[in-house]
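Structure at a glance
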Amino acid sequence: MAPKVVVLMSTYNGEKYMRHQIDTILNQTYENLELFVRDDGSKDATLEILEEYASKYKNVSYVKGENVGSNQSFLEMVNIAPDADYYSFADQDDDWMPEKISRAVEKIESSDYLVYCSNKQQVDNDLVPLPNQEYKTLRPAFENAVIENICTGCTMLVKKELFDLMRGKLPKKPIYHDWWMYLVGTYFGNVYFDKEPFINYRQHGNNQVGATVGFFERFKVEIEFFKKQRGKLRDQLSEFQELYRGDATKDALVDSLLTDTKRFGGSLKFVFGHKVFRQSGFEGLAVRLLFLFHMMI
């Protein structure tokens, strides 16, 4: 029998789109699949919809939870999820292509990868693809994970081993649950990034994709974004430093991020002496300037 995959979904007032999302999960070409849902305190018809599906399908189950927010809701499922060979994550409002899980299992089974993730196709509320999308080939690495997340949760498939490494070591202040899994995945193993998208990622509202702005305007926007992450990044890395030790090289990188960058000489040494990187060279330049002037962490 094919390895068992459990899809983990966190719901909160998701009645508008969740039927469609659940249907695309149940209609995957991969057969040995279960859906486990944790509801994060919904007040609409979400629970009634979940009960309907759980009554109709043997491979669908759910639990009611208190409202703790999406990050902690997903992380809580690390401890309570049914036993499986692999775990995947689902938002409540997207659209999965039929071969999404099959593709992920194929890639992760044929390698020593701990985590699989991929690009995503951005669509509007009616699932119409948005213009000006570019599907880049990204390079996963711990040196990237300490300052950037490239593994969007709804694209991920992870080995049971990752959950085993995380149980009992769940963070209280992660920036995002999927970023934390990217950190742990690259600390203990390898991550596969698939250039091809297998999910229609619903964008709500009037998001602009690929808007053209000048160099200095874009640079200012990037700087402001990273400055907002300053305290959050320190909290996330501090928790990681406390919970995971054992790889001398990677431990030294985290230690340097948290200590050397507090003073100018240390920041200068860090900026030019460590191989941390963001996938975009432009963003990498902005980040290094922020590190240099003690504004990043």
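For the structure itself, consult the block above.
Criteria and thresholds
Residues numbered from 1 in each chain as written. Predicted model: local features only at pLDDT ≥ 70, side-chain atom pairs only at ≥ 80, totals over all residues. Heavy atoms only, no water. Pairing = 2+ DSSP bridges. Helix = DSSP H or I, 4+ residues; strand = E, 2+ residues; numbered from the N terminus. Axes fitted to C-alpha atoms, helices over the stretch in contact; angles between N-to-C directions. Contact = heavy atoms within 4.5 Å. Parallel < 35°, antiparallel > 145°, perpendicular 65-115°, else oblique. Left-handed = near helix turned anticlockwise from the far one by under 90°. Nonpolar A, V, L, I, M, F, W, Y, C, P; charged D, E, K, R; others polar.

**Focus on the sheet that holds strand β6 (residues 113-118)**
Backbone hydrogen bonds hold the strands of a sheet together, and the pairing may be parallel or antiparallel. The strand order across the open sheet formed by 7 strands is β3-β2-β1-β4-β8-β6-β9, and the pairing between neighbours is mixed. Edge strands, defined here as strands with exactly one partner in the open sheet, are β3 (60-64) and β9 (190-194). The sheet shows a mean angle of 20° between the axes of neighbouring strands, taken without regard to direction. Pairing of strand β1 (residues 5-11) with strand β2 (residues 33-39), which is carried by 7 bridges, proceeds in the parallel orientation. By the bridge assignment, Val6 is partnered in β2 with Glu34.

**Considering the environment of Asp91**
Looking at the secondary structure, you find Asp91 in the loop between β4 (86-90) and β5 (95-96). Sequence separation between Asp91 and Gln21 is 70 residues, and the spatial gap between their C-alpha atoms is 8.0 Å. Among all residues touching Asp91, those that are not within four sequence positions of it are Met9, Gln21, Phe74, Cys154 and Tyr201.

**Structural notes on the sheet that holds β5**
Across the sheet, 3 strands lie side by side as β5-β10-β7; this open sheet has mixed pairing. What marks the edges here is a single partner per strand, and that holds for β5 and β7 (121-123). Note: β7 against strand β10 (residues 199-202), 3 bridges, orientation parallel. Looking at the pairing, Gln122 lines up with Tyr201 of β10.

**Focus: the packing of helix α7 (residues 177-188) against helix α9 (residues 230-243)**
With their axes 12 Å apart at the nearest point, α7 and α9 run at an angle of 40° to one another. One way to sum up the angle between α7 and α9 is to call them oblique. With respect to the hand of their crossing, α7 and α9 are arranged in right-handed fashion. When α7 is examined against α9, the residues Trp179, Trp180, Leu183, Val184 and Tyr187 are found in contact with a partner set consisting of Leu233, Gln236, Glu239, Phe240 and Leu243. Partitioned by chemical class, the residues of the contact of α7 with α9 number 8 nonpolar, 1 polar and 1 charged.

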